[in-house]
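Coordinates in review
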Amino acid sequence: MNNRIYLLFIYLCFPIFLKAQMQQMNAAEIAVGLKKLSVRGSVLYIAAHPDDENTRLLAYLAKEEKVKTGYLSITRGDGGQNLIGNEQAELLGLIRTQELLAARKVDGAEQFFTRANDFGFSKTSDETFKIWGRDQILADVVWVIRTFKPDVIITRFPEDSRAGHGHHSGSAILAKEAFYAAADPKRFPEQLQYTTVWQAKRIVWNGFNFGGTATPTTDQLKLDVGVFNPLLGKSYGEIAAISRTNHKSQGFGSTLQRGESFEYFSHVAGEPAKASLFDGINTSVTNALLSEIQADYKVNAPWQSLPNLLKLKQEFKNNKLLDELILACAGVWVEANTPERTYAVGDSIPIKIQAIVRSKTNLSLTIANQKPIVLESNKVISSDYKTIAQESTQPYWLRKNHPIGQFAIETQTLVGYPENPNPLSVKLQFSLNNQQIELNCPIVYKSTDPIKGEKYQPLVLAPRVTATLSEKAYIFSGNAPKTISVSLKNFGNQSSGSVAPQLPKSWKSSPEKIDFNLAKKGDEQTISFNITPGKETNSGDIVLQISTNGGISDKGLKTISYDHIPNITIFPQAQARVEKIDLKIVGKRIAYIDGAGDLVAEALNQIGYEVTHLTPSQILMNDLSAYDAIVTGVRLYNINEEVKTMQPKLLSYVQNGGTLLIQYNVNNGLKTQNIGPYPFKLANKRVTEEDAKVNFLVPQHAALNYPNKITDKDFEGWVQERGLYFATDIDPKYTTILGMNDTGEATADGSLIIADYGKGKFVYTSLVFFRELPAGVPGAYRLFANLLAPKQP
């Protein structure tokens, strides 16, 4: 092994669980990779959210044109709705980040983000920029362009109202401005200590035909991306559908498309394209040895290409793809895993490295500068190694509290990454024919499930002890005390210490602190504090201070688990909102029919209601008269096929004296058009300004007076928006209670409609109670309690 040529190959793995082990290419994928070595050039696609990207075009560019392809999503989709669970805001953004990464694994593109937070629907780019902070998000777009260095930039949306969303048009405006700014050394010069300026050849807009808006025209550049790739066995329409189906939290399961399919492009800036996106760009790599390798490649004997690939390696310096192809042709597989999924920061982590070469190739492996190990053909080697957990795996953009418009990112070089860019890893060196490939192999947790088989999950590096509050907000009725539970978990070995709640002025806790002693890793304990509201302050935050033998911290624990993405574990601040409000409730027993996912039932439990979750079969089989009111979860009428069967029983319950409250649904995909006892429709009308003036259209109505007197103050402090998908074409038998509008728009009266039906009361509301109640908004609780109250004589 003398006179080795050391070449650095940094293996960037996004996401960790997708590259938990070396993903060995099959023979067809190797053939595609060899062809890709003949192509240079890059394209960056820019839009606003997860799901905005054109997966068919991304797949075509990455796998047919074989250019380096990236998707820059300005946000992580934090402000949308969740069709698979009750996660909202940052938690939903974490889910959608992983869904995007799963989609990119299918279509072959790379994924990037800015620090912009998806704060919810926005009607104009001006409003969007006001909340995001235009210059900072522009700087992030410029950074991604300067580091990715695309030859062509493609936007998904136009810069005007045809985009249909302020984030959409804002993404296009930022893309065009960044096209110029990335090439200007006077713009964001602080970035130039890490990268260089870059001028893309052109920027184009990828026209679309959805949402009732058709933008393609005959004078645009036209490209058929529906072609079939025989090596992959799929057309790009099929690949796109598989990719897009990963957006499960948005209900975007897609039908596989086959046959020709055209994309259209309009010139935005730079040099216009006439025949191809790559007009005037040299995308070909001419190399005689590479041509020989491609011509001689044998799908049934990839290892026979190794001698020439190693020669090519001396010509193609630091080529990541070439190194991957060499290892793939050699039949190399390697992984590094731990016996446990979680470790505390500062602890020693035992690691097992396993590797195999499945060809008759002379190859050795060096692990972290230890003695080289010779790999024999088709024989697995195992080696043990230890390392220290240096810092927690908390996502970099969630390490600090942040304003509504953007996440707090203090390190420039972190911008753009979909995940933490440097997962804990082991440095490996493969040596073959006096050449070396060095890679950082991420350390992951590996287990075997008796049903699902072998499973990989990201390694979690945690604070030594976490303290987790059971709610995001606590509502206190008057001065009555409330017991708050805290869950402690030990991630290290023996941990002892105390937990003390920090409270708003004049609020009190009994006891003031609680000592704990957690003897073993994984031990858990539930403790409780009796919190009494203060007379001087009605609201504020409770923050838990955790004092241990390892220091002081304030971190809780949150785990998200779905089958289609890796488990997500974060350590948010151990903090919750506390609100003292004047609240009366009438009736106690509430039946709740779960919809797409929300936390409304938990919020109602907290203020004294007895909430029972009922399934559709229980609705049909049980006597509903035992319940004072029935509430349907958000989007129930969009996702549950059984609503057609349930609806007569629910309306009969109302007719006999019950109260039925239906929360918002969207206008498309309703399972029944007969939501209420009398006709109304739903429309994509919303009020996005959370502080929009609310007018009481019928001030004397019971909904605004019983049992709580509703005033303008009850609409203060709302979060994200007022309401969405308002009722329209409303039958006169309904009473419209509230009027509201965004700036410059006409008043909309469909956010809350109520009708007497028989002896009971029917309520449909598009107000976003599913956001306001978990956030602890006092007026939302008072109004919701009124809506649950029985019909007044």
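As the structure is a computational prediction, the values presented were derived from the model and not from experiment.

Conventions used here
Each chain has its residues counted from 1, running along the sequence as written. Only residues with pLDDT of at least 70 are given local features in this predicted model, and only at 80 or more are side-chain atom pairs given and counted; all residues enter the totals for whole chains, interfaces and linings. Values shown for side chains rest on all heavy atoms present in the structure; no hydrogens or waters enter the calculation. When a residue's accessible area, from a 1.4 Å probe over protein chains only, is under 20% of the maximum for its type it is buried; when over 50% it is exposed; and in between it is partly exposed. A run of H or I in DSSP becomes a helix once it reaches four residues, and a run of E becomes a strand once it reaches two; helices and strands are each numbered from the N terminus. Any two residues whose heavy atoms approach within 4.5 Å are treated as being in contact. Here a polar contact is recorded for every N or O atom pair within 3.5 Å, except that within protein the pair must consist of a potential hydrogen donor and a potential acceptor, and residues adjacent in sequence are included only if both atoms are side-chain atoms. Between any two strands, pairing holds if DSSP finds at least two bridges. Lines are fitted to the C-alpha atoms to define the axes, a helix being fitted only along its stretch in contact, and any angle between axes, read from their N-to-C directions, falls within 0 to 180 degrees. For every residue, the predictor states its confidence as a pLDDT score lying anywhere from 0 to 100. Note on ring pairs: Phe, Tyr and Trp rings are taken, using the six-membered ring of Trp, and paired if centres are within 6.5 Å. Classes follow the plane angle, with under 30 degrees stacked, over 60 edge-to-face and the rest tilted. For a ring to carry a charge above it, either NZ of a lysine or CZ of an arginine must fall within 6 Å of the ring centroid while also lying within 35 degrees of the normal to the ring plane. Angles below 35 degrees are treated as roughly parallel, those above 145 as roughly antiparallel, those between 65 and 115 as roughly perpendicular, and all remaining angles as oblique. Should the near helix be turned counterclockwise from the far one by less than a right angle, the crossing is left-handed, whereas a clockwise turn marks it as right-handed. When residues are sorted by character, Ala, Val, Leu, Ile, Met, Phe, Trp, Tyr, Cys and Pro go into the nonpolar class, Asp, Glu, Lys and Arg into the charged class, and all the rest, Gly among them, into the polar class. Looking down the strands as they point away from you, a crossover is right-handed if its path from the first strand over the helix to the second goes clockwise. Throughout this description, the term salt bridge denotes a Lys or Arg side-chain nitrogen within 4 Å of a carboxyl oxygen of Asp or Glu.

In this section: helix H4 (residues 125-132). Buried residues of H4: Ser125, Glu127, Thr128, Phe129 and Trp132, and no others. Buried positions along H4 lie against helix H5 (134-148) and helix H6 (166-181). Where H4 ends, the next residue or the one after it, glycine 133, has phi of about 90 degrees, a positive value.

The next thing to look at is the environment of asparagine 282. For asparagine 282, the position within the fold is in the loop between strand E12 (262-270) and helix H8 (288-296). With a relative accessible area of 53%, asparagine 282 lands in the exposed category. With 169 residues separating them in the primary sequence, asparagine 282 and phenylalanine 113 have C-alpha atoms 28 Å apart. At 3.1 Å, the side chain of asparagine 282 and the backbone nitrogen of serine 284 are in polar contact.

Right, let's get into the sheet that holds strand E38 (residues 659-662). A sheet is described by the order of its strands in space; here seven strands give the open sequence E36-E35-E37-E38-E47-E46-E44, paired in mixed fashion. Where the open sheet ends on each side, the last strands, each with one partner, are strand E36 (610-613) and strand E44 (735-736). By the bridge criterion, four bridges tie strand E35 (residues 589-593) to E36 in an arrangement that is parallel. Each residue of the ladder has a partner; that of arginine 589, found in E36, is glutamate 610. Each of E35, strand E37 (629-632), E38, strand E46 (752-757) and strand E47 (760-765) is contacted by helix H14 (residues 643-655), which is oriented at about 125 degrees to E47, the strand it contacts most. Helix H16 (residues 778-788) contacts E35, E37, E38, E46 and E47 of the sheet and is inclined by roughly 135 degrees relative to E38.

Quick look at the sheet that holds E12 now. Strands sit in the order E4-E3-E2-E5-E6-E12-E9 across an open sheet of seven strands; the sheet is mixed. Both outer strands of the open sheet, strand E4 (110-113) and strand E9 (221-224), are each paired with one neighbouring strand and no more. Each neighbouring strand pair of the sheet contributes to a mean axis angle of 30 degrees, computed without reference to strand direction. Relative to strand E5 (residues 152-155), strand E2 (residues 42-47) is paired through four bridges, and the arrangement is parallel. The residue of E5 that forms the bridge with isoleucine 46 is threonine 155. Contacts from helix H3 (residues 89-107) reach strand E3 (68-73) and E4 within the one sheet, and its direction differs from that of E4 by about 155 degrees. Across the sheet, H5 lies against E2, E3, E4 and E5, angled at about 165 degrees from E2, the strand it touches most.

Scored by pLDDT, the chain has a mean of 92; 96% of the residues are at 70 or more. Note on residues 1-21: pLDDT is under 50 here. Beyond four places in sequence and across chains, it has 76 contacts.

Moving on, we come to the packing of aromatic side chains. What the rule picks out here adds up to 19 aromatic pairs. Where phenylalanine 680 meets tyrosine 734, the ring centres are 5.5 Å apart and the plane angle is 90 degrees; that geometry is what we call edge-to-face. Placement of phenylalanine 680 in the loop between E38 and strand E39 (681-682) and of tyrosine 734 in the loop between strand E43 (727-728) and E44 is noted, with a sequence separation of 54 residues between them. The exposure class of tyrosine 734 is buried, given its relative accessible area of 6%. Ring centres of phenylalanine 715 and tryptophan 718 lie 5.3 Å apart, and the angle between their planes is 25 degrees; on these two criteria the pair is classed as stacked. Each member of the pair, phenylalanine 715 as well as tryptophan 718, is classed as buried. The structure contains a cluster of three or more aromatic residues connected by ring pairs, namely Tyr678, Phe680, Tyr734, Tyr757, Phe762 and Tyr764. Lying across the ring of phenylalanine 129, arginine 134 places its NZ or CZ 4.6 Å from the centre. We note arginine 722 situated over the ring of tryptophan 718; from NZ or CZ to the ring centre the distance is 5.4 Å.

Put simply, serine 510 and proline 511 share a cis peptide bond, and its omega is -5 degrees. Position of proline 511 relative to the elements: it lies in the loop between strand E27 (508-510) and strand E28 (514-518). A cis amide bond, omega -5 degrees, links tyrosine 706 with the succeeding residue proline 707. Mapped onto the fold, proline 707 is located in the loop between strand E41 (694-696) and strand E42 (723-724).

Moving on: the environment of proline 442. Structurally, proline 442 can be placed in strand E20 (residues 435-449). Each C-alpha atom, one on proline 442 and one on threonine 645, is 51 Å from the other, the two residues being 203 residues apart in sequence.

On the secondary structure map, serine 73 appears in strand E3. Beyond its immediate chain neighbours, meaning those up to four positions away, serine 73 contacts Ala47, Ala48, His49, Pro50, Leu100, Gln111, Phe112, Phe113 and Thr114.

Here we take up helix H1 (residues 27-36). Taken as a whole, H1 has its buried residues at Ile30, Ala31, Val32, Gly33 and Leu34. Buried residues along H1 sit against H8, helix H9 (306-315) and helix H10 (320-330).

The next thing to look at is the pairing of E12. Pairing analysis gives five bridges linking strand E6 (residues 202-206) to E12, with the strands arranged antiparallel. Bridge pairing in E12 places isoleucine 203 opposite alanine 269. Where E9 and E12 come together, four bridges link them in antiparallel fashion. Of the residues in E12, the one forming a bridge with lysine 222 is tyrosine 264.

Attention now moves to the side chain of glutamine 647. As for its position among the elements, glutamine 647 is in helix H14. Owing to a relative accessible area of 5%, glutamine 647 belongs among the buried residues under this scheme. Within the structure, the side chain of glutamine 647 is placed 2.6 Å from the side chain of tyrosine 637, a separation counted as a polar contact. Aside from chain neighbours lying at most four places away, what touches glutamine 647 is Tyr637, Asn674, Ile675 and Gly676.

Attention now moves to the packing of H5 against H6. The interhelical angle for the contact between H5 and H6, taken along N-to-C directions, is 60 degrees, at an axis separation of 9 Å. Relative to H6, the element H5 lies oblique. As for how H5 packs across H6, the hand of that crossing is right-handed. Counted together, Arg134, Ile137, Leu138, Val141, Val142, Ile145 and Arg146 of H5 and Ile173, Leu174, Glu177, Ala178, Phe179 and Ala181 of H6 form the full contact between these two elements. In terms of residue class, the contact of H5 with H6 is made up of ten nonpolar, no polar and three charged.

This part covers the pairing of E2. In terms of burial, E2 is largely enclosed, as six of its six residues are buried. Here E2 pairs with E3 via six bridges, running parallel. Pairing of valine 43 across the sheet is with threonine 69, part of E3. Viewed along the sheet, the connection from E2 through helix H2 (residues 55-63) into E3 turns out right-handed.

What follows deals with the pattern of salt bridges. Under the definition given, this model contains 33 salt bridges. Two residues, glutamate 536 and lysine 505, come together in a salt bridge whose shortest N-O distance is 3.4 Å. Within this pair, whereas glutamate 536 is found in the loop between strand E29 (524-532) and strand E30 (539-548), its partner lysine 505 is found in the loop between strand E26 (495-502) and E27, the two being separated by 31 residues in sequence. Here aspartate 731 makes a salt bridge to lysine 733, at a shortest N to O gap of 4.0 Å. A cluster of three or more residues bridged by salt bridges with shared partners is formed by Glu53, Arg104 and Asp107.

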